[in-house]
Amino acid sequence: MRPKALIWFRNDLRIQDNELLTKGLDQFDIYPLFIFDDRQFEKLPQLGFTKTGSFKAQFLIESVEELKSSLQSLGSDLIVRKGLPESIIPELAKELKAKKVFTSKEVTTDEVSIEDHLEDSLFKIGVDFETCWQSTLFHEEDVPWPIKQVPEVFTQFRKEAEKAVEVRPLFDTPKELNTIENIELGLIPSLTELGITEQKFDKRSVVKFKGGEKAAWKRLKDYFWEKDLLKKYKSTRNGLIGADYSSKLSPWLAIGAISAKSVYYEIKKYEAERTKNQSTYWLFFELLWRDFFKFMAKKHGHKIFLQHGLSELAIDQENNQAKFDLWRKGETQEPFIDANMKELAKSGFMSNRGRQIVASYLMHNLKVNWTWGAAWFEHALIDYDPASNWLNWAYIAGVGNDPRNGRVFNVESQQQRHDPKGEYINLWS
Ligand SMILES: Cc1cc2nc3c(=O)[nH]c(=O)nc-3n(C[C@H](O)[C@H](O)[C@H](O)COP(=O)(O)OP(=O)(O)OC[C@H]3O[C@@H](n4cnc5c(N)ncnc54)[C@H](O)[C@@H]3O)c2cc1C
């Protein structure tokens with residue numbers, strides 16, 4: 001009998017291009033595991049809402065269900081638990097007499113601290129722990145700087161990285177996995193069991209997002225190949241209404257149902273078979289923003305969650321609950337802001353342009369603590385990703401990586417430019 005290893009899935013809920021499913025297959029019988037981390041579903045005491053809202057929680061459940069069925073079709077299965085990974089994993093390792101635990105590396109403080117705790121407690125019971133870096137396009141070992149020297153300005157990061165780094169090839173999907181024996185598999189919890197109240201789908205939503213790898217690839221094929229929209233992405237990406245103005249891949253990328261590398265290689269294929277132009281480059285460019293923020297999150301640790309962010313500046317913003325509630329409910333009486341905030345609350349999504357404008361409005365016009373806004377986005381966004389969310393907010397607040405010290409968006413001129421006929425406002429009024 002071969003020794004056993006646990007494969008702990010986190011934000012990498014896929015079987016394609018997943019390094020975890022290449023690790024140790026020749027030496028170990030692998031036991032795949034996913035844990036619903038209780039902390040993700042807790043209520044934030046000061047603000048009164050849960051960290052994760054209904055849309056993201058439902059999307060996560062669907063993604064885990066699909067991962068389980070994909071693993072079953074390879075002959076394996078998925079062990080599911082709910083609780084704290086750093087307690088559950090050592091217990092499971094003992095129960096299974098596993099020799100090793102593999103997982104993907106994450107970048108933000110809380111996630112990294114779970115890895116550190118886990119490594120410690122596994123070491124004490126003689127179980128090896130190995131992590132792999134796979135959430136970005138550019139591998140941490142390939143970028144031309146140690147983490148402390150990664151450039152603070154995106155343009156410098158992009159130019160230097162683009163010159164120095166090639167995106168690594170995709171990993172093969174295994175054809176077959178070992179069976180899993182003598183372990184209680186556990187059930188995937190429902191929304192109610194996670195303590196979340198279900199929100200119904202609103203038919204005005206840009207896309208009916210469904211969790212899982214198949215839906216991710218379906219969306220990609222639709223946007224790239226069937227509707228042939230990639231070739232005009234650069235000119236449509238600031239849109240507000242409907243499925244077509246941008247890729248809408250963010251929920252699947254955030255949860256790892258598709259890898260950024262897979263999207264990159266599809267862009268290359270599209271360039272070879274259809275068109276190569278500024279738009280095809282621009283989708284890659286946006287994925288580099290995603291990379292940049294992940295490297296920045298790793299570099300700056302807990303600071304990305306603080307009001308003064310990466311700076312030591314004093315900030316003129318207050319904890320005004322009344323103004324914050326009007327903003328988050330879409331009741332500010334500023335129609336363009338309210339439409340965006342209603343779209344977010346009712347669908348779990350908002351365009352990039354909308355996100356910039358409402359964030360600026362909360363912190364610069366209402367002068368409310370921007371970290372509250374970021375916490376609301378964390379709750380409400382179906383594509384919530386800690387590094388992208390908190391560092392985009394910090395950027396606009398001028399306490400992140402903006403060399404121009406923050407962005408103020410004029411609501412009226414933004415509305416005139418992006419919704420001149422008021423169609424978006426009407427849709428979400
Ligand atoms: C205040 C604020 C908060 C945000 N919070 C999140 C978040 O929690 N999760 C998230 O994925 N994105 C976040 N973004 C970035 C961006 O708004 C979304 O990634 C994008 O709107 C998702 O739609 P799409 O997939 O159609 O994007 P596309 O325009 O099609 O872009 C393709 C992909 O590139 C990446 N990307 C694009 N723009 C950015 C950006 N500015 N920063 C980082 N990555 C980017 C995303 O992975 C996206 O899916 C935030 C932006 C702002 C201004």
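Everything that follows concerns the structure shown earlier in this document.
Let me sum up the structure you'll find in this document. Quick caveat, the model's predicted, so the values are computed rather than measured. (Residues numbered from 1 in each chain as written. Predicted model: local features only at pLDDT ≥ 70, side-chain atom pairs only at ≥ 80, totals over all residues. Heavy atoms only, no water.)

**Notes on the sheet that holds strand β1 (residues 4-9)**
- Sheet architecture is open: five strands sit in the order β3-β2-β1-β4-β5, paired in parallel fashion. Among the strands making up the open sheet, the edge pair consists of β3 (79-83) and β5 (128-132). Shown here is a sheet whose adjacent strand axes are inclined to one another by a mean of 25°, direction ignored.
- Sheet topology note: the β1/strand β2 (residues 29-37) ladder contains six bridges and is parallel. (Pairing = 2+ DSSP bridges. Helix = DSSP H or I, 4+ residues; strand = E, 2+ residues; numbered from the N terminus. Axes fitted to C-alpha atoms, helices over the stretch in contact; angles between N-to-C directions.)

**Focus: helix α1 (residues 54-73)**
- Compared with the 28 Å implied by 1.5 Å per residue over 20 residues, the 29 Å span of α1 between its first and last C-alpha is a close match.
- Burial runs high along α1: 15 of the 20 residues are buried.
- Following α1 by one or two positions, Gly 75 has its phi on the positive side, about 100°. (Expected span 1.5 Å × (residues − 1). Buried < 20%, exposed > 50% of the residue type's maximum accessible area, 1.4 Å probe, protein only.)

**Things to note about the layout of surface pockets**
- Reported here for the largest pocket is a volume of approximately 1,400 Å³.
- In terms of lining residues, the largest pocket is bounded by 47 residues, among which Glu 286, Trp 289, Phe 293, Asn 352 and Asn 392 are the most central.
- Within the residue set of the lining of the largest pocket, elements represented by two or more residues are α4 (154-164), α7 (250-255), α9 (278-300), α12 (352-365) and α14 (386-397).
- Take the lining of the largest pocket: its biggest share by element is eight residues, from α9.
- Built from parts of two domains, the lining of the largest pocket gets at least three residues from each of domain 2 (142-166 + 213-300) and domain 3 (306-427).
- Every residue lining the second largest pocket is counted, 37 residues in all, and those nearest its centre are Gln 40, Lys 51, Glu 111, Tyr 384 and Pro 386.
- Taken together, the elements giving at least two residues each to the lining of the second largest pocket come down to β1, β2, α1, α2 (85-96), α3 (109-124), α7, α13 (370-380) and α14.
- Here the element with the most residues in the lining of the second largest pocket is α3; it accounts for six residues.
- Domain assignment of the residues forming the lining of the second largest pocket places at least three in each of domain 1 (4-134) and domain 3 (306-427). (1 Å grid on protein atoms, 1.4 Å probe; cavity = no way out; pocket = protein on both sides within 12 Å on 5 of 7 lines; lining within 4 Å. Points joined across faces, edges and corners; volume = space filled by probe spheres on them. Domains from an automatic or database assignment.)

**Examining the packing of helix α11 (residues 335-347) against α12**
- Following both chains from N to C, one finds α11 and α12 inclined at 115°, their axes separated by 10 Å at the closest point. By crossing handedness, the relation of α11 to α12 is classed as left-handed. Each of Phe 336, Ile 337, Asn 340 and Met 341 in α11 lies in contact with α12, whose residues at this interface are Gly 354, Ile 357, Val 358 and Tyr 361.
- Broken down by class, the residue content of the contact of α11 with α12 amounts to six nonpolar, two polar and no charged. (Left-handed = near helix turned anticlockwise from the far one by under 90°. Contact = heavy atoms within 4.5 Å. Nonpolar A, V, L, I, M, F, W, Y, C, P; charged D, E, K, R; others polar.)

**Structural notes on the pattern of salt bridges**
- Summed over all chains, the structure comprises 31 salt bridges.
- Of the charged contacts in the structure, one is a salt bridge between Glu 378 and Lys 51, with a shortest N-O distance of 3.2 Å. Of this pair, Glu 378 sits in helix α13 while Lys 51 sits in the loop between β2 and α1, and the two are 327 residues apart along the sequence. The residues Glu 378 and Lys 51 share a single accessibility class, namely buried.
- Its salt-bridge partner being Glu 141, residue Arg 168 comes within 3.3 Å of it at the nearest N-O pair. (Salt bridge = Lys/Arg side-chain N within 4 Å of Asp/Glu carboxyl O.)

**Notes on the site of the ligand**
- Among the 25 residues in the neighbourhood of the ligand, the closest are listed as Tyr 233, Ser 246, Ser 247, Lys 248 and Asn 352.
- Side-chain polar atom of Asn 392 to a nitrogen atom of the ligand: 3.0 Å apart, as the coordinates give it.
- When isolated, the ligand has an accessible area of 820 Å², and the protein chains bury 96% of it.
- Counting residues per element, the ones that place at least two in the shell around the ligand are α7, α9, α12 and α14.
- Top element by residues in the shell around the ligand is α9. It accounts for five residues.
- Looking at the shell around the ligand residue by residue, the classes come out as eleven nonpolar, eight polar and six charged. (Near = heavy atom within 4 Å. Polar contact = N/O pair within 3.5 Å; in protein donor to acceptor, adjacent residues only side chain to side chain. Areas by Shrake-Rupley, 256 points an atom, 1.4 Å probe, with all protein chains shown as cover.)

**With respect to the pairing of strand β4 (residues 98-104)**
- Burial analysis of β4 places six of its seven residues in the buried class, which makes it a mostly covered element.
- Direction of pairing for β1 relative to β4: parallel, over a ladder of five bridges. Residue Ala 5 lies in a different strand from β4, and its bridge partner there is Lys 100.
- Note: β4 against β5, five bridges, orientation parallel. Residue pairing across strands places Lys 100 opposite Asp 128, the latter belonging to β5.
- The β-α-β motif built from β4, the intervening α3 and the parallel element β5 has right-handed crossover chirality. (Right-handed = clockwise from strand over helix to strand, strands pointing away.)

**Structural notes on the environment of Ala 215**
- As for its position among the elements, Ala 215 is in helix α5 (residues 213-226).
- Between the C-alpha atoms of Ala 215 and Ile 258, which are 43 residues apart in sequence, the distance is 9.5 Å.

**Thoughts on α13**
- Most of α13 sits inside the fold, with eleven of its eleven residues counted as buried.
- Each element contacted by the buried residues of α13 is listed here: α10 (321-329), α11, α12 and α14.

**Topic: empty space enclosed by the protein**
- In this structure the tally under the stated criterion is one cavity of 30 Å³ or more.
- One number sums up the size of the largest cavity: a volume of about 190 Å³.
- In terms of lining, the largest cavity is formed by 23 residues, of which the most central are Asn 11, Ser 135, Leu 253, Arg 290 and Lys 294.
- Within the residue set of the lining of the largest cavity, elements represented by two or more residues are α7, α8 (260-273), α9 and α14.
- Residues of the lining of the largest cavity, tallied by class, amount to seven nonpolar, seven polar and nine charged.

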